[in-house]
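Residue strings, one per chain:
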Amino acid sequence: MSPGLHTKPAVVKAASALLTEMQGVSSSLTYAALLTDDGFDVARLPGETDGARFAGMASSMQALGDAVTHELKIGNSEYIIIASGKGYVVQLRVPGKELVLSALWDNDATVGNALAISRSYAQKMADLLK
Amino acid sequence: MAEHVILFTGPMGAGKTTAIESLSEIEVVRTEANNSERHIADKPTTTVALDYGEILIGAEEKVRLYGIPGQKRFDFMWAILKKRAKGMILLVNSDAPDPIEEMLSFIEEFRELYDRGGVVIGVSRADVVAGPTLGDYSDALERTNPDMVIPVFTVDPRNRDQMENVLLALIANIEMRAMFGMMTTEAV
Amino acid sequence: MAVEVNQVAGEPASVSMGFPVTVGWTHAAMAVYSVLRLNTPVNLKMHIEMHSPLLIDFRHHAFSWSTPLEIFPVDAVHTGLETEPTSDAAPPLFELPGQDLDGLLWEMGINSFGGAPAYWLPPDERYRLTRWPNLTQHRHTMQQMQMMAVLGNTFVSTSELAKLTGADESDAQRLINALSLMRILTRTSAAPAAVVVAPTAATKRQSLFGRLRKRLGR
Ligand SMILES: Nc1nc2c(ncn2[C@@H]2O[C@H](COP(=O)(O)OP(=O)(O)OP(=O)(O)O)[C@@H](O)[C@H]2O)c(=O)[nH]1
Ligand SMILES: [Mg+2]
């Protein structure tokens, strides 16, 4: 309910730095974005992806994931994975924040590894916002 | 099972989610997220994917009620949701900066629902700000779409009785338009 | 100064200065129709037995009456009717906003002429809605709604309208009268009969409208 994190320059700066650092950890990371629950781009890695559009889509996906777990009564969704022939998207919420991390990986990374890195950076983002 | 998909469209804060909550017989599937645009619509949450509700008619038939997210940045959801719908309830909040312009842009965006079914417009939040008269909305529609006679009602989406009236007016319209062969495209 | 309505309206003598006591709304509807058609600034005051006076300020498309429209007295006894010329600059007849005149026109139109055509409607014409009335604000039946869905989409005569919707012809006529009084009908003798391409859609039992309406208990 706070004003959008995307409007806070300090948050945007920290988020950008964190994504750059994340890319340094794995060369398989081809795109990543931090976005608000209601679909605003906070920070993203440079690339061909339309960041604003992707932020909207990622937030819809996050909410649909939550709607599905709610429907099935299995608690909250922890992460979402979309696998395709050319790579996969790993997406999860920044713990305790109205913020989502969504990352695109190529097939050189294993799902387990990608998930582990995404999780740890989601946590780092949460710590930064404390 | 026969299914009839009705889409609720309109700008942020018009009352789409509220309307579906008023009409649905099942617990509404909601995709609300914290709203970081309180300056546009002062409410805690906003829809980011869709709303979904149902009215069952006997065992073999249901009316499916889908709501869109109101903001343009979710227009990929608009494209997904409009595919199967055969009618639209367009809600416009009277207290928007330019509700008539909002109405016209949603009519334009979802025109195919008029062509293949029917449209009813509900002007909400008229108790908050009186805004333009219904005549103003109709005049604007006549100017931009001279062949359309689209019903425009004031409506409070929190009021189930009024929402039922709006829904029934839409269904009556869709059926009459089919009867007179006025639809130019079929639902996919 | 009370002015006799026919002087203003220029219509054949139907409402007179020594106003005959009349039961129902036909005379009132004719007076209102005349004023609306002439579109000159006029205030109207109706005296109705057992009710406070009904005031209409046409400039603001508003009326004021202590009787709520939900209990519209169909058989009201009218004992007098005054029209009073006014000007655009003159103060309103009552404190604005008052009530939307359309609500009164709707009730008045439905409940006048005893189901016969309003006297200003020539025979052998077809009608079509130019815009819908604000249905959420008017008491209406599901059959009236269905008739309006026909009128919103094609030209029909009163008897065609009745046939298409299974309504009594007098009920169809009452609706036409009301919509005409509200000035949201266009009419012509030139329009051909509507062609029904999917006749089953509207027949009562098979229509979604019919089933949903029943489901919702309406
Ligand atoms: N006073 C008043 N409040 C209304 C009326 N209609 C809707 N509201 C309120 O306005 C708000 C509308 O919010 P939503 O139903 O979330 O609107 P929405 O169209 O789903 O908005 P998005 O999902 O953000 O696009 C709710 O708080 C309603 O209670 C009305 O006619 N009068
Ligand atoms: Mg909503």
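Heads up: the structure comes first, above all this text.
Here's what I pulled together on the structure shown here. Note that the structure is predicted; figures quoted are calculated from it, not measured.

We now examine the coordination of the magnesium ion (ligand 2). All names here are of chain B. Binding of the magnesium ion (ligand 2) to the protein goes through Thr17 (OG1) and Thr47 (OG1), at separations of 2.0 to 2.1 Å. Here threonine 17 is found in helix H1 (residues 16-23), whereas its partner threonine 47 is found in strand E3 (residues 45-47), with 30 residues between them in sequence. Overall, the relative accessible area of 14% leaves threonine 17 in the buried class.

What follows concerns the interface of chain B and chain C. Taken residue by residue, the interface counts 38 residues in chain B and 37 residues in chain C. Both sides of the chain B and chain C interface together cover about 3200 Å² of buried area, and 64% of this is carbon and sulfur. Residue Glu142(B) is joined to Arg131(C) by a salt bridge in which the shortest nitrogen-to-oxygen separation is 3.0 Å. Remark: the boundary between chain B and chain C carries 14 residue pairs in polar contact (both at pLDDT 80 or more). Among the elements of the structure, strand E4 (51-57), strand E5 (61-67), helix H5 (134-144), strand E8 (152-154) and helix H6 (160-179) of chain B are those that each provide at least two residues to the side of chain B that touches chain C. Take the side of chain B that touches chain C: its biggest share by element is 17 residues, from H6(B). Considered class by class, the residues forming the side of chain B that touches chain C number 21 nonpolar, 8 polar and 9 charged.

Further remarks concern the site of ligand 1. Residues and elements named next belong to chain B. Ligand 1 sits among 20 residues. The nearest are Lys16, Thr18, Lys43, Thr46 and Arg125. Take threonine 17: an N or O atom from its side chain is 2.8 Å from an oxygen atom of ligand 1. Between ligand 1 and arginine 158 there is a distance of 3.1 Å, counted from a nitrogen atom to a side-chain nitrogen or oxygen. With the chains in place, 85% of the 670 Å² that ligand 1 exposes on its own is no longer accessible. Among the secondary structure elements, those contributing two or more residues to the shell around ligand 1 are H1 and E3. Partitioning the shell around ligand 1 into residue classes produces 6 nonpolar, 8 polar and 6 charged.

A separate point is the sheet that holds E4(B). Taking strand neighbours across the sheet as the criterion, the 6 strands line up as E4-E5-E1-E6-E7-E8 (chain B) in an open arrangement whose pairing is mixed. With one partner strand each, in any of the chains shown, E4 and E8 of chain B form the two edges of the open sheet. Going across the sheet, the axis of each strand differs from the next one's by a mean of 20 degrees, ignoring polarity. Pairing between strand E7 (residues 119-124) of chain B and E8(B): 3 bridges, direction parallel. Of the residues in E8(B), the one forming a bridge with Val123(B) is Thr154(B). Contacting strand E1 (2-9), E4, strand E6 (87-93), E7 and E8 of chain B, H6(B) crosses the sheet at an angle of about 140 degrees to E6(B). Along the sheet face, helix H7 (residues 208-215) of chain C touches E1, E4 and E5 of chain B and points at about 90 degrees away from the line of E4(B).

Moving on to helix H3 (residues 111-128) of chain A. For an α-helix, 3.6 residues make a turn, and residues three or four places apart therefore share a direction. For H3(A), which comprises 18 residues, the first-to-last C-alpha distance of 26 Å matches the rise-based estimate of 26 Å (1.5 Å per residue) to within 8%. As for H3(A), its buried residues are in contact with helix H1 (9-25), strand E1 (29-36), strand E4 (87-93) and strand E5 (99-105) of chain A.

Time to look at the pairing of E4(A). All names here are of chain A. Burial analysis of E4 places 6 of its 7 residues in the buried class, which makes it a mostly covered element. One ladder, built from 5 bridges, connects strand E3 (residues 80-84) with E4; its direction is antiparallel. Among the inter-strand pairings, isoleucine 82 is bridged to a residue of E4, identified as valine 89. Counted between consecutive antiparallel strands, the loop separating E3 from E4 contains 2 residues. Sheet topology places E4 next to E5; 6 bridges connect them, and they run antiparallel. Directly across from leucine 92, in E5, lies its bridge partner leucine 101.

Before going further, it helps to examine the packing of H1(A) against H3(A). Residue and element names in this part refer to chain A. Between H1 and H3, whose axes approach to 11 Å, the crossing angle comes to 155 degrees. Our classification of the angle between H1 and H3 gives roughly antiparallel. Judged by the twist between their axes, the crossing of H1 over H3 is right-handed. Between H1, through Val11, Ala14, Ala15, Leu18, Glu21, Met22 and Val25, and H3, the contact on the second element is made entirely by Ile117, Ser118, Tyr121, Lys124, Met125 and Leu128. In terms of residue class, the contact of H1 with H3 is built from 10 nonpolar, 1 polar and 2 charged.

Residues and elements named next belong to chain A. Counted under the stated rule, the structure contains 33 salt bridges over all chains. For the salt bridge of aspartate 66 with arginine 93, the shortest nitrogen-to-oxygen distance reads 3.2 Å. Residue aspartate 66 is located in helix H2 (residues 51-71), and its partner arginine 93 is located in strand E4; the two are separated by 27 residues in the primary sequence. With a relative accessible area of 25%, aspartate 66 lands in the partly exposed category. Taking relative accessible area as the criterion, arginine 93 reaches 28% and is therefore assigned partly exposed.

To continue, consider the interface of chain A and chain B. Many descriptions give the size of an interface as the accessible area lost when the pieces come together. In this assembly, 21 residues from chain A lie in contact with 20 residues from chain B. Here chain A and chain B share an interface that buries about 1500 Å² over both sides, 59% of which is from carbon and sulfur atoms. Between Arg73(B) and Asp38(A) there is a salt bridge, with the nearest N and O atoms lying 3.9 Å from each other. The interface formed by chain A and chain B includes 7 residue pairs in polar contact (both at pLDDT 80 or more). Here the side of chain A that touches chain B takes 10 residues from H2(A), the largest share from any one element. Residue composition of the side of chain A that touches chain B, by class: 7 nonpolar, 9 polar and 5 charged.

Here is what the cut-offs are and how they apply
Residues numbered from 1 in each chain as written. Chains lettered and ligands numbered in written order. Predicted model: local features only at pLDDT ≥ 70, side-chain atom pairs only at ≥ 80, totals over all residues. Heavy atoms only, no water. Donors = N, O, S within 2.8 Å, 3.2 Å for Na, K, Ca; no water. Helix = DSSP H or I, 4+ residues; strand = E, 2+ residues; numbered from the N terminus. Buried < 20%, exposed > 50% of the residue type's maximum accessible area, 1.4 Å probe, protein only. Contact = heavy atoms within 4.5 Å. Buried area = accessible area lost by both parts, 1.4 Å probe. Salt bridge = Lys/Arg side-chain N within 4 Å of Asp/Glu carboxyl O. Polar contact = N/O pair within 3.5 Å; in protein donor to acceptor, adjacent residues only side chain to side chain. Nonpolar A, V, L, I, M, F, W, Y, C, P; charged D, E, K, R; others polar. Near = heavy atom within 4 Å. Areas by Shrake-Rupley, 256 points an atom, 1.4 Å probe, with all protein chains shown as cover. Pairing = 2+ DSSP bridges. Axes fitted to C-alpha atoms, helices over the stretch in contact; angles between N-to-C directions. Expected span 1.5 Å × (residues − 1). Parallel < 35°, antiparallel > 145°, perpendicular 65-115°, else oblique. Left-handed = near helix turned anticlockwise from the far one by under 90°.

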